[in-house]
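Coordinate analysis (summary)
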Amino acid sequence: MRNLFLPEACKETQVHTLSPQSWLQVERGKLSKSSSHASSSIEPLIKVPEPPILPFFKPADYVEVLAQIHEELETCHPHEKSSLYLLQFQVFRGLGEVKLLRRSLRAAWQKASTVHEKIIFGAWLRYEKQGEDLISDLLASCGKCTQEFGTLNIASQIPDDIELKAFETLGMIGGNRVSSTVFFRIGDQKIACDRQKIASLSGPFCAMLNGCFRESLREEIDLSENGISLLGFRIVSEFSETGSLNNVHPDILLEILTFANKFCCERLKDACDRKIASLISSKQDAVDLIDYALEENAPVLAASCLQVFVNELPDCLNDDQVVKIFGNANKHQRQIMAGSASFSLYCLLSEVAMARDSRSETTVCFLERLVDSAESYRQRQFSFHQLGCVRFLRKEYDEAEKLFEKAFSLGHVYSVTGLARLGSIKGNKIGSYEKLSSVISSHSPLGWMYQERSLYCEGEKKLEDLVKATESDPTLNYPYLYRAASQMRKQKVQDALMEINRVLGFKLALECLELRFYFYLALEDYRAALCDVQAILTLSPRYRLFEGRVAAIQLRTLVREHVENWMTVDCWMQLYDRWSSVDDIGSLSVIYQMLESDAAKGVLYFRQSLLLLRLNCPEAAMYSLQLARQHAGSEHERLVYEGWILYDTGHCEEGLRKAEESISLKKTFEAFFLKAYALADSSLDPSCSATVVSLLENALKCPSDRLRKGQALNNLGSVYADCGKLDFAADCYINALRIGHTRAHQGLARVHSLRGDRNAAYEEMTKLIEKARSNASAYEKRSEYCDRELTKADLEMVTQLDPLRVYPYRYRAAGQILLFLHCLT
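Residues numbered from 1 in each chain as written. Predicted model: local features only at pLDDT ≥ 70, side-chain atom pairs only at ≥ 80, totals over all residues. Heavy atoms only, no water.

Once that is clear, we can look at helix α12 (residues 250-262). Taking 1.5 Å of rise per residue, the 13 residues of α12 would be expected to cover 18 Å, and the 18 Å separating its terminal C-alpha atoms lies within 8% of that figure. Taken together, the buried positions of α12 are occupied by Ile-252, Leu-253, Leu-254, Glu-255, Ile-256, Leu-257, Phe-259 and Ala-260. The elements touched by buried residues of α12 are α10 (203-210), α11 (230-242), α13 (266-278) and α14 (283-295). Trailing α12 by a residue or two, Cys-264 shows a phi angle of about 55°, which is positive. (Helix = DSSP H or I, 4+ residues; strand = E, 2+ residues; numbered from the N terminus. Expected span 1.5 Å × (residues − 1). Buried < 20%, exposed > 50% of the residue type's maximum accessible area, 1.4 Å probe, protein only. Contact = heavy atoms within 4.5 Å.)

So, in structure tokens, the structure goes:
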């Protein structure tokens, strides 16, 4: 992958450029195609924007913060656990660890100590899993219940401890001095009530009817001015005798709720609260009732409305009334609606709003409520920084500066990026440089610190900081982009391509693919440019290039005019070649092109999903698998794709079941392969090896193409090697290599090693390295088959090709420790 598509044009010193405007004019027939090749500055094509200020909680020492959270979780009160898991979630969000952040969110939900936390974290988990309805349906088809985040019965979650207090009040009532019957007049109508039963409803009624007030001596009391209708008070009287509300119209219930709250009738208020809450059946019901819940302090009704709103995220934020409810809630109202989980609620709402539009008024409003709800210093760090990022995006620089200063003063070091950007905007680049220098000198330097400081200097200083940034954090894209663009400006074409290929060798970043696409356009290498734009569209069909001005699909159409079309047979040959040379980006491009033909799309989308998994793009891979299912040509084929969907989402048993269903309909390669793969991966029983071998042998007897048969042979070889049947394993690997499955070199090397021939193993891995474009893993594996110096050289190469691979660092660190211990002795 490192030297992907290095054409003859790369050797030229003259670089051409193609602006999007000229391309569009060519398409419309306003320019001749030759005019678009005119030489001009490449600068407009390769402008590298400054890296964004990330709106995440980014502590200076992740390990220390995670360790502190872990320690606090072991000693804290149970009601504090959910908040700590939410903080852990925010740490993992800043690290980009999707699986770990979901695990933290699930833990927050499991440890929720209040109904409000259960509602919020359950809704958050659903939001994180949006788009996974298909998986739920598939699990349901296997008889597995998936409603773990279903709607809660709020009333059952909020205990009713009012009844006891009511009886205590009743027991304190003194003797009567007047009739046991009292008449309440409303307008010109009167209702006869049992004096003591009405008195038992609340302290105020007890004092009125049995105390020293004038009403206690009267047989008739006027309630006309207290906001209760005749029908309403009749139901109040019935409740005083029966203790229940039956078949009451919702409007009357609301009237009684207000009356009960006014006269402190806690039992009656609680009954109304629960009764009204049970009547909510839609978002509009919740919108209509939430004001009553907040005004009358009705916790069950408020929580029920909250559940409806958050369960419909993100769609409910399209409703201005819902946004207004959350945005205008004061501290007291937030307490009624979300209890002690206000911060968690606005964390969720802010995240959803930012995903929709970071610059919107809704986002600002929710983040302001988040700041108001923050209690711990870490919560304040995060909320100040996040609101500062949004203010910065909105160019509200004075407000952003105050917020970044608050976050920074509380210890959120990353907020210095906002202060530095603002200083530069105001013309003080030297001050920004000094701010970053101070942070670097007072903390363990991190990659983002050097990257940020590089924005405020030029020349060698800038390049030095970018080198340090890459050394400290190889995942940062900006240093690679800047260096590549700089080389291209100097007409050093191969150096520019080599730099951008460095990052694309281990990380499929869209902005890096986009820049390389521009390079190839400038070089007029349209085949390579087409490859990159098709890979971009595979990952993001709606992607826009040229700073968002032009849809990638439009550029792809224009570039395609300059490239000779392949016939279907040519596409298959190209796919075999790229698959064999471990050129995954090139393979993606070929499949994208093949999907426009009349070829069976289910198979192609399935191949696409395999490539995307290899490129560490699990979400895109899952989407491709779902498309494969939609385009399956038969029932048995569809079952296979459903099996892979279930297997890839951690539901191995259900995936196996789908494979068996498919085999019962028709014995096919993919069905046997799925069953063998899932069984081998899920069972620890050594006896299952024979079953896996049998399944793979059955698969190989079925019709398939050599891409998949090569994989099956490779897997079969691995099973034989695990069982010690080395001759059988070697035969499998050799047969796989004969049909172009290049990765079988690694299996054959293992066989040589198990036979005690490390030199042959080393040579076998060398063959893989020579063939594969993406070969970091090959160098890593080869390092196991050579002496110490060659091992060190291979592992250095691994780190150069893929700095995210952990083994080389562990190996070198272990070597240093052993050397240190040797010196001590």
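After that view, the rundown keeps rolling.
Alternating positions in strand β1 (residues 181-186) separate cleanly, Val-182, Phe-184 and Ile-186 being buried on one face and Thr-181, Phe-183 and Arg-185 remaining unburied on the opposite face. Relative to strand β2 (residues 189-194), β1 runs antiparallel, the two being bridged by six bridges. Its bridge partner being in β2, Thr-181 is matched across the sheet by Asp-194. Once β1 ends, the chain turns through two residues before running back antiparallel as β2, passing Gly-187 with a positive phi of about 70°. The pairing of β1 with strand β3 (residues 220-222) spans three bridges and is classified as parallel. Bridge pairing links Phe-183 to Glu-220 in β3. (Pairing = 2+ DSSP bridges.)

The next thing to look at is empty space enclosed by the protein. Following the criterion strictly, the structure yields two cavities of 30 Å³ or more and no others. What the largest cavity holds in volume is close to 70 Å³. Along its surface, the largest cavity is lined by Tyr-576, Trp-579, Ser-580, Arg-706, Leu-707, Ile-739, Gly-740, His-741, Thr-742 and Arg-743. Elements supplying a minimum of two residues to the lining of the largest cavity: α31 (568-580) and α39 (706-722). Among the elements that make up the lining of the largest cavity, the one with the highest residue count is α31 (three residues). (1 Å grid on protein atoms, 1.4 Å probe; cavity = no way out; pocket = protein on both sides within 12 Å on 5 of 7 lines; lining within 4 Å. Points joined across faces, edges and corners; volume = space filled by probe spheres on them.)

This part is about the domain arrangement of the protein. For the protein, the assigned domains read domain 1 (62-113), domain 2 (181-218 + 226-279) and domain 3 (705-824). Using C-alpha coordinates to define each centre, domain 1 is positioned 38 Å away from domain 3. (Domains from an automatic or database assignment.)

A few words on the packing of helix α33 (residues 601-614) against helix α35 (residues 635-648). The geometry of α33 relative to α35 is characterised by a closest axis approach of 11 Å and an angle of 15° between their N-to-C directions. Accordingly, the angle class assigned to the pair α33 and α35 is roughly parallel. As for the relative orientation of α33 and α35, their crossing is left-handed in sense. Each of Gly-602, Val-603, Phe-606 and Leu-613 in α33 lies in contact with α35, whose residues at this interface are Glu-637, Tyr-641, Trp-644 and Asp-648. (Axes fitted to C-alpha atoms, helices over the stretch in contact; angles between N-to-C directions. Parallel < 35°, antiparallel > 145°, perpendicular 65-115°, else oblique. Left-handed = near helix turned anticlockwise from the far one by under 90°.)

Position of Val-590 relative to the elements: it lies in helix α32 (residues 584-594). Through-space distance from the C-alpha of Val-590 to that of Tyr-62 is 41 Å; in sequence the pair is 528 residues apart. Among residues more than four places away in sequence, those in contact with Val-590 are Trp-566, Cys-571, Gln-574, Leu-575 and Arg-578.

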